[in-house]
Structure formats: structure tokens, C-alpha cells
Number of protein chains: 2
Amino acid sequence: MGDRFAVTYRVFAGSLDEAQARAEGIALEQTVEIPRNVVPSGYVEDEILGRVEAIKPEGPGRFRAEISFSPDSAGPDLPQLLNVIFGNSSIQKGIKVAGLDLGTTLSARFPGARFGIAGVRRATGRRRGGLVAPVIKPMGLSVQDLALTARRVAEAGADIVKEDHGLANQPSAPFRERIPRLADAVAEGNAKRMAAGDPTRALYFPNLGGPTTALLNDAFFAKENGADGVLIIPGLQGFDALHALASDESFGLPIMAHPAFLGAHVLSEDTGFTHGILLGTLMRLAGADISIFPNYGGRFGFTQSECAEITSACRGPDGPGRPILPSPGGGMSVSRMPELMRLYGEDSTYLLGGGLLNYGDRIGDGVREMRQALDGVDT
Amino acid sequence: MGDRFAVTYRVFAGSLDEAQARAEGIALEQTVEIPRNVVPSGYVEDEILGRVEAIKPEGPGRFRAEISFSPDSAGPDLPQLLNVIFGNSSIQKGIKVAGLDLGTTLSARFPGARFGIAGVRRATGRRRGGLVAPVIKPMGLSVQDLALTARRVAEAGADIVKEDHGLANQPSAPFRERIPRLADAVAEGNAKRMAAGDPTRALYFPNLGGPTTALLNDAFFAKENGADGVLIIPGLQGFDALHALASDESFGLPIMAHPAFLGAHVLSEDTGFTHGILLGTLMRLAGADISIFPNYGGRFGFTQSECAEITSACRGPDGPGRPILPSPGGGMSVSRMPELMRLYGEDSTYLLGGGLLNYGDRIGDGVREMRQALDGVDT
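A.B. asks: Please explain the overall build of chain A as it appears in this structure.
C.D. replies: Of the regular secondary structure elements, chain A holds 16 helices and twelve strands. Judged by the C-alpha coordinates and their principal axes, chain A covers about 70 × 40 × 35 Å. Taken across its 379 residues, chain A has 65% of its residues classed as buried. Across chain A, the centroid of the 37 positively charged side chains sits 6 Å from that of the 44 negatively charged ones.

A.B. asks: What exactly am I supposed to notice about the sheet that holds strand β2 (residues 51–59) of chain B here?
C.D. replies: Each strand in a sheet pairs with its neighbour through backbone hydrogen bonds, running either in the same direction (parallel) or in the opposite one (antiparallel). All names here are of chain B. An order of β2-β3-β1-β4 is seen for the four strands of this open sheet, with the pairing classed as antiparallel. The strands lining the two open edges of the sheet, one partner per strand, are β2 and β4 (95–101). With strand direction ignored, the average angle separating the axes of adjacent strands in the sheet is 25°. Where β2 lies against strand β3 (residues 62–69), seven bridges are found, and the strand directions are antiparallel. In the strand pairing of β3, Gly59 is matched with Arg62. Contacts from helix α4 (residues 78–86) reach β1 (5–12), β3 and β4, with the element oriented near 40° to β1.

A.B. asks: Is there a simple way to think about the pattern of salt bridges in this case?
C.D. replies: This structure, assessed with the given rule, holds 42 salt bridges over all chains. The partner of Glu33(A) in a salt bridge is Lys137(B), and the shortest N-O contact between them spans 3.5 Å. Linking Glu33(A) in the loop between α1 (16–29) and α2 (43–48) with Lys137(B) in the loop between β5 (131–136) and α7 (143–155), this pair reaches from one chain into another. You'll find Glu33(A) and Lys137(B) in the same group, each marked buried. Residues Asp159(A) and Arg126(A) are paired through a salt bridge, measuring 2.5 Å at the closest nitrogen-oxygen approach. With Asp159(A) in the loop between α7 (143–155) and β6 (160–163) and Arg126(A) in the loop between α6 (116–124) and β5 (131–136), the pair connects residues that are 33 residues apart, well separated along the chain. Just as Asp159(A) is buried, Arg126(A) falls in that class too. Here the salt bridges do not stand alone but share partners, grouping Arg10(A), Glu58(A), Arg62(A), Arg64(A) and Glu269(A) into one network.

A.B. asks: Honestly, unusual backbone geometry in this entry has me stumped. Any pointers?
C.D. replies: Residues other than glycine predominantly adopt negative phi, and peptide bonds predominantly adopt the trans conformation. Residue Pro320(A) is bonded to the preceding Gly319(A) through a cis peptide linkage, with omega at 5°. Mapped onto the elements of the fold, Pro320(A) is located in the loop between α14 (304–315) and β11 (325–329). With an omega of 5°, the peptide bond between Lys137(B) and Pro138(B) qualifies as cis. Here the phi dihedral of Glu33(A) falls at roughly 55°; this positive angle occurs in a residue that is not glycine. Among the residues examined, Glu33(A) registers a relative accessible area of 12% and is labelled buried. One non-glycine residue, Phe261(B), adopts positive backbone phi at about 75°. Topologically, Phe261(B) is positioned in the loop between β9 (255–257) and α12 (263–267).

A.B. asks: Looking at this structure, how should I read the relation of the copies chain B and chain A?
C.D. replies: One chain copy maps onto the other through a rotation about an axis and a shift parallel to that axis. Rotating chain B by 180° about the axis while translating it 0.0 Å along that axis superimposes it on chain A, leaving an RMSD of 0.0 Å. Within this description, the copies of the chain are treated as partners about a two-fold rotation axis. No C-alpha of chain B lies nearer the rotation axis than that of Gly238(B), which sits 2.4 Å from it. A share of 100% of interface residues in chain B that are also interface residues in chain A marks the association as one of identical surfaces.

A.B. asks: It is not clear to me how the side chain of Arg121(A) should be interpreted in this structure. Could you clarify?
C.D. replies: Residue and element names in this part refer to chain A. Within the secondary structure, Arg121 is located in helix α6. The exposure class of Arg121 is buried, given its relative accessible area of 9%. For Arg121, the residues in contact, after removing those within four places along its chain, are Arg126, Arg127, Arg128, Gly129, Leu131, Glu346 and Asp347.

A.B. asks: Got a minute to help me understand the interface of chain B and chain A in this structure?
C.D. replies: Between chain B and chain A, the contact holds 78 residues from the first and 78 residues from the second. Summing the contributions of chain B and of chain A, the shared interface buries around 6300 Å²; its carbon and sulfur component is 63%. The interface formed by chain B and chain A contains two salt bridges. Where chain B touches chain A, the interface holds 24 residue pairs in polar contact (both at pLDDT 80 or more). Those elements that place two or more of their residues in the side of chain B that touches chain A are α2 (43–48), α3 (71–74), α4, α10 (234–237), α11 (239–246) and α12 of chain B. When the residues that make up the side of chain B that touches chain A are grouped by side-chain class, the tally is 37 nonpolar, 32 polar and nine charged.

A.B. asks: How do you make sense of the packing of aromatic side chains when you look at a structure like this?
C.D. replies: Two descriptors summarise a pair of aromatic rings, namely the distance from one centre to the other and the angle between the planes of the rings. All chains considered together, the criterion is met by 14 aromatic pairs over all chains. Taking the centre distance of 5.9 Å and the plane angle of 55° together, the rings of Phe293(A) and Tyr344(A) count as tilted. Residue Phe293(A) is located in strand β10 (residues 290–294), and its partner Tyr344(A) is located in helix α15 (residues 337–344); the two are separated by 51 residues in the primary sequence. Classification of Tyr344(A) by relative accessible area gives buried; the value is 0%. Centre to centre, the rings of Tyr344(A) and Tyr350(A) are 6.3 Å apart; their planes meet at 80°, and the pair counts as edge-to-face. Side by side, Tyr344(A) and Tyr350(A) carry an identical accessibility label, which is buried. An aromatic cluster of three or more residues is present, and its members are Phe86(A), Phe273(A) and Phe261(B).

A.B. asks: It is not clear to me how the sheet that holds strand β8 (residues 230–232) of chain A should be interpreted in this structure. Could you clarify?
C.D. replies: Residue and element names in this part refer to chain A. Pairing is parallel in the open sheet, where four strands are placed in the order β8-β9-β10-β11. In the strand order of this sheet, the two ends are held by β8 and β11, each with one partner. Within this sheet the neighbouring strands show an average axis-to-axis angle of 25°, counted without direction. Bridge count between β8 and strand β9 (residues 255–257): three bridges; the pairing is parallel.

A.B. asks: Any chance you could explain the pairing of β6(A) here in plain terms?
C.D. replies: For a regular strand, side-chain orientation follows a simple rule: the groups alternate between the two sheet faces. Residue and element names in this part refer to chain A. Burial along β6 is two-sided: the residues Ile160 and Lys162 and Val161 and Glu163 are all buried. The pairing of β5 with β6 spans two bridges and is parallel. Paired with Ile136 across the bridge in β6 is Glu163. Once you follow β5 into α7 and on to β6, the crossover reads as right-handed. With three bridges connecting them, β6 and strand β7 (residues 203–205) associate as parallel partners. Each residue of the ladder has a partner; that of Lys162, found in β7, is Phe205.

What counts and how
- Residues numbered from 1 in each chain as written.
- Chains lettered and ligands numbered in written order.
- Predicted model: local features only at pLDDT ≥ 70, side-chain atom pairs only at ≥ 80, totals over all residues.
- Heavy atoms only, no water.
- Helix = DSSP H or I, 4+ residues; strand = E, 2+ residues; numbered from the N terminus.
- Buried < 20%, exposed > 50% of the residue type's maximum accessible area, 1.4 Å probe, protein only.
- Lys, Arg positive; Asp, Glu negative; His and termini not counted.
- Charge placed at Lys NZ, Arg CZ, Asp CG, Glu CD.
- Pairing = 2+ DSSP bridges.
- Axes fitted to C-alpha atoms, helices over the stretch in contact; angles between N-to-C directions.
- Contact = heavy atoms within 4.5 Å.
- Salt bridge = Lys/Arg side-chain N within 4 Å of Asp/Glu carboxyl O.
- Least-squares fit on C-alpha atoms with pLDDT ≥ 70 in both.
- Buried area = accessible area lost by both parts, 1.4 Å probe.
- Polar contact = N/O pair within 3.5 Å; in protein donor to acceptor, adjacent residues only side chain to side chain.
- Nonpolar A, V, L, I, M, F, W, Y, C, P; charged D, E, K, R; others polar.
- Phe/Tyr/Trp six-rings, centres within 6.5 Å; stacked < 30°, edge-to-face > 60°.
- Right-handed = clockwise from strand over helix to strand, strands pointing away.

As C-alpha cells, this is what we get:
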């Protein structure tokens, strides 16, 4: 037992009565999953059964239904908490998760990011200004070619040298060959920076794209071979795999989460999660320190207000856990930086993707220009 | 290298030219994820880059684009294969995965279900007729109460005694207390059946709702304590966790997959996967022997044709791997069985959910009536 946690669902319904009935249906579906008339009295009915706390109209045909649940319905583990939040109801049209209030019991059970904004900044040594994260790609290049790029961008002032989320364990650059070599390359770049008097350093974040059951092993291999953090794809590995890494004290490195495979949860208007809940709140709940999402105006269709919502959800003071770094990617150019900095501010990680490759061998210039653009804007 | 695999995307576009451009975009996005002009020549361009093989109109504003990919882009593991199939493109509106042809290289790498329809039938001893799977619930009941229900339905002729997907590790019925007790209860029911001359037996499928990193441990605990199979939720644990279990020879029990948390992937018309691909093809690819989905006409909104599509995708002769059992649940009643049997036939697992609890202490009667209904219809 303990104080209840609350989920706010956007419910699509033609009337308040219908919304009320749908909310009562969600309260059943997400817990006992049996008809109301056969819910056992006592503990099951009083504690376990979801409770509709409030319903109010939100717009034409839309209502906000707040439903509270017992921490006992989730038990100790994240998969079942997510199952209570939106397991079966994810399969019913016209229901979207729009709010989550963990309450004190679950807030203690799921403390969130180990590093958060302040922790990642400390690791880079960059006290102010947006973080720059060039992406090492494409898949298919040799370890040697990838390492060359990693060294160049590290030397040029990258804060995070992030591997593409598509670098997994392909024959062209197998995981266990790639990680030590790229870590060395980033270290070389850092050594030159330090020699030049730069107090900041680049962090190397390899991608953990191997088997889910090997994730912890792969993460420790990365750590032991020089990684400063890791990239993980919760849509493919599960949010709980991210959570396992974040809560493993002996691992203790920052984690960047990538939204691949999760798109359907936000793209549909009447199912899934709001952008802020999925790419802000749930990422914080699972323990990510940095949450990647597609920037507006690039090749993905997120709007400016959806990106603002994600940013607020990542950095809001009310948790879950520490504020984390939103990390927009796509459509990043030096000329857009004044505009983008107004939205994302300095406590963001700016991903520099494929466009950077247009610089060819002078890829370091692309990183330096972005650094100057970020530092040149007063936030 | 090896022969390429092919994904068919439903692309929403205003013209064939636009569809062609979108398809070329997917081919880039899902592999190199860099602009076309900077794709390195040689191996990356010739082998790794996705290749648009064909585009044809499908309907107003809809096209089918077949794109082939190199097995090298996926490497050895399922997460990266799924990432190539629909990682970043999942975040772009107007793209839905509608077909998957693994080719011979990946078919050998991902052999699919260990048991399939024939293997699960062998384990139950029921050679003909639909399988009946009552669900043990609700969460919040004690182990003792859950065990009582399990014994009753096993004795009454259940083929699979399936735990509710919401039974995880809650304090009312912790995983490690619950599994041995329910396994014993099912064994008691089976002993009475055997004594009565019944050649079939009930299989006990507990739910693995614990931490993802403990999944293999939990699965082996279940096996060692009398489980005959397991239930897993790939939307929460990841498809690769299912795959790890299915491909672990020393585990070697059948696996039932539950669609919780996956709804958004099929509910939206213009993103995610078709019903057949998600709940048939991908479940087979990952190694499920039984795939649960919401029956039409129940409280979920799937249509009859969507359920038929899932059923065909589960049982089609062309793989991936062995044909598996579709498992409709929701809205199952004796009176609907003639109709449902016409759609699902005998090679299906019919889930009996919360409605069964209306029978109270006579829950066995509900199972027996369903058994008679299934046996009474000539398929």
C-alpha cells in the first residue's frame, strides 16, 4: 500500500456521461480486468481497483480523466507499473495518457536519473551553454573510419560524441572491436583539447544495440573500455532495460535515450502518450539523463509546441527525479541556432546528425561553428 | 552479406513521385541516416543503403513501397533488425509497415517458434478442436484464491491455464510464492482428469512480469517449479526478451505473447504496423508460439477483418518459422462460438477472461461449456 499514484487520460467521448463510463472502464481494465459486478469486495475493490478521481471537459469531444491506482497494483517493478499506466488500454482507441503523478511511494521506488542536467554538465566540465553532440555514422563504415570522425569531433569541442543509434553489432564495426577504438579516439581528441587549455572534455556514448539479455554485460564492457555513458533505445530494449542500467550503482554512467520504434505512441492523436509524457516523463521515470527527440522543422513532423512540451517535461521541477537534458536532433544548422536556442535554451543537448558529414574531412569546423553559435547567443 | 530482406511500407503520398521520394527517404533513414549526397561509395552505398525495389499504388493517396535491406545492416541481433525495419521511420507520419520478407539469410538467423501449433498441441495431448485458455485473475487476490481457480479450471478441461498479464510480483501474490502453488494446483486438476480417463492435460503458463534483466532467471524459476510455458509482454519487455527465451534451448517451453502496451502501433491508420505484421509476423519472428489479441465485438475496437488478418499472419505457411496459434480474447461466449469458430477454426487458443468469473464457484462449468461448444462445431 501507500499513497496512490495518478494517471490522467485524455478520453475521447461524445458526452460527460460517456467519458465517465469510459473512465470507469479504464479503471477496471488497467487493474482487475474483470466486469465490475464480479470484483471481489475488500482489498481488491478498495485498494487495487483503479479509482476515477475527476473528469473534466478539455475540448470538443475530449475529456481529462484522472484515475488513481495503488502502488500495490504495480508492485516493485517498472514493467508492471507501465502495464497499469497503459497496458490493455493502449489497445482501445480514444484514450491517450496525458499526465502522471507518481505520488510519494512510487517516487521513492523510482528515483529517476542518476545524473540529470547538473551531473552531465559536471562530467563534461562545461558549466554554461548548450551541449553539442555530433553523431558518429553511418553504419557500414569500418571501425577505423568511425574512429577518425570521433577523434576529429572530440578535438573540435564536442561535449558528447554519440554513436548513431543504428551502430549495433554489424560485421563492418563489431561492438567489441568498435568501443575500445572509439574510446581511444575520443581520448586523443580530449588530450589535444586539454593541451590547448580547454577545461571541457568530450564524453563518448556508444550505442547498446545488442541483445536485450546481454545489455548489462555490454554496458559494463563499454564502461571498462572507456565509454563515459551509453545510448539505449527503450522502444527496442524496453523501458525497464534502461531502468536497470540507471539503477545499477556499480554501472553509474549517464544514459541517453533514443526514441526509435516509439513513434506510433505519439503520432496518433487519440491513442498512446502525449509527446511530453512519452519523451519527457517516461524517460525520466526510467532513469534517462538525456532524451533525444526529432527537432521541429526537420524531416520529422513534430511541431514547435510538441518540442516545447517535451522540453518542459524533461526539465520540469516536479520530477520524476532530477531534471534531464532534452536533446533535439534533425534540422540543426548554425543559421537556425538563434531561433532554436530561444526554444531549447542552454540546458539542452544539440544533436548534430548527418548534415555534419557535408563538412567532409573538415568535420571539426562544423562542430566549432555550432559551438560558437551556442556561445554567441545570450540565454 | 547474404540475400537481402525486404520490408513493404504503406506510404501515404499525394503522387507516385512523392511516394518515390518518401521511399528513398525511408531507405536512407533506416540505414545510413545521412543525406544521399554524402553516402560513402562502395560497400556502404552498394550493400548497406536500403534499396527501393518497387512502388505501386494501393488506393487513393496510398502506395506500397518495397525496400530491400542487407542482413549486414541488421547484424546478428533482433533489436537492430527491428531498428532497420521501423526505427526512425516510426517517428514519421504516413508510413506503416505492411509486409516483411526475411529472405533465406535472416530466416536461418531467426528460426521462429520452437513449438508452434503442432508442438503446443502435443504438449496438451489435444489433437483436434480449439484450445481453451481460461485466465487466472484478478490481481489482488491471494495465492490461495488464485490457486483454487487454477485447480478448478484445470480439472474442468482447460488446455492452458493462463495467468492474467497483470499478475506480476505484487505483494498479494508474489511471483516466487505464486508459481509453485499454482503449478501444484494445475497438477491436481490434471491428476483428476487423468483419473477420469481424459488423455489431455492443462498446461500452466505463468506471467513473467518482473524486471527485464531478470526475465531469464524468472523463466527458469517458473520452469523448475512446474510451469509448462510462460506468458510475456513484448511491448514492455521488448521483442528481444521474448526472442531470448524462445531461442534458449535449455529453457525449451512454449511462449504466449500478450499485446499490452503495443496498441498504438496498430490503432493508427498511418503509422506503426498492420495488425497482421505486428501480432502475427513479428510475434513469429521473435519466437512466440501463441499470440494473444483482442477479439472483435468485445470491448476493444478490432474489426473482424483485422482479426482475420492476424489469424492468417499467425498461421500462414510462409513463416517466419512455424505456424503459431492465434489467441483471441474478449467477448468470448458460448453463444458466439459457432460464429467465432468459423473465423478462427480449431487451430486457435480461445481465451476466457473476466466473464468466466460470473460462474463463481462453478467456474469449471464455464470451461466445460466452452469445451463442448468447441467440440460441437464441425470445422
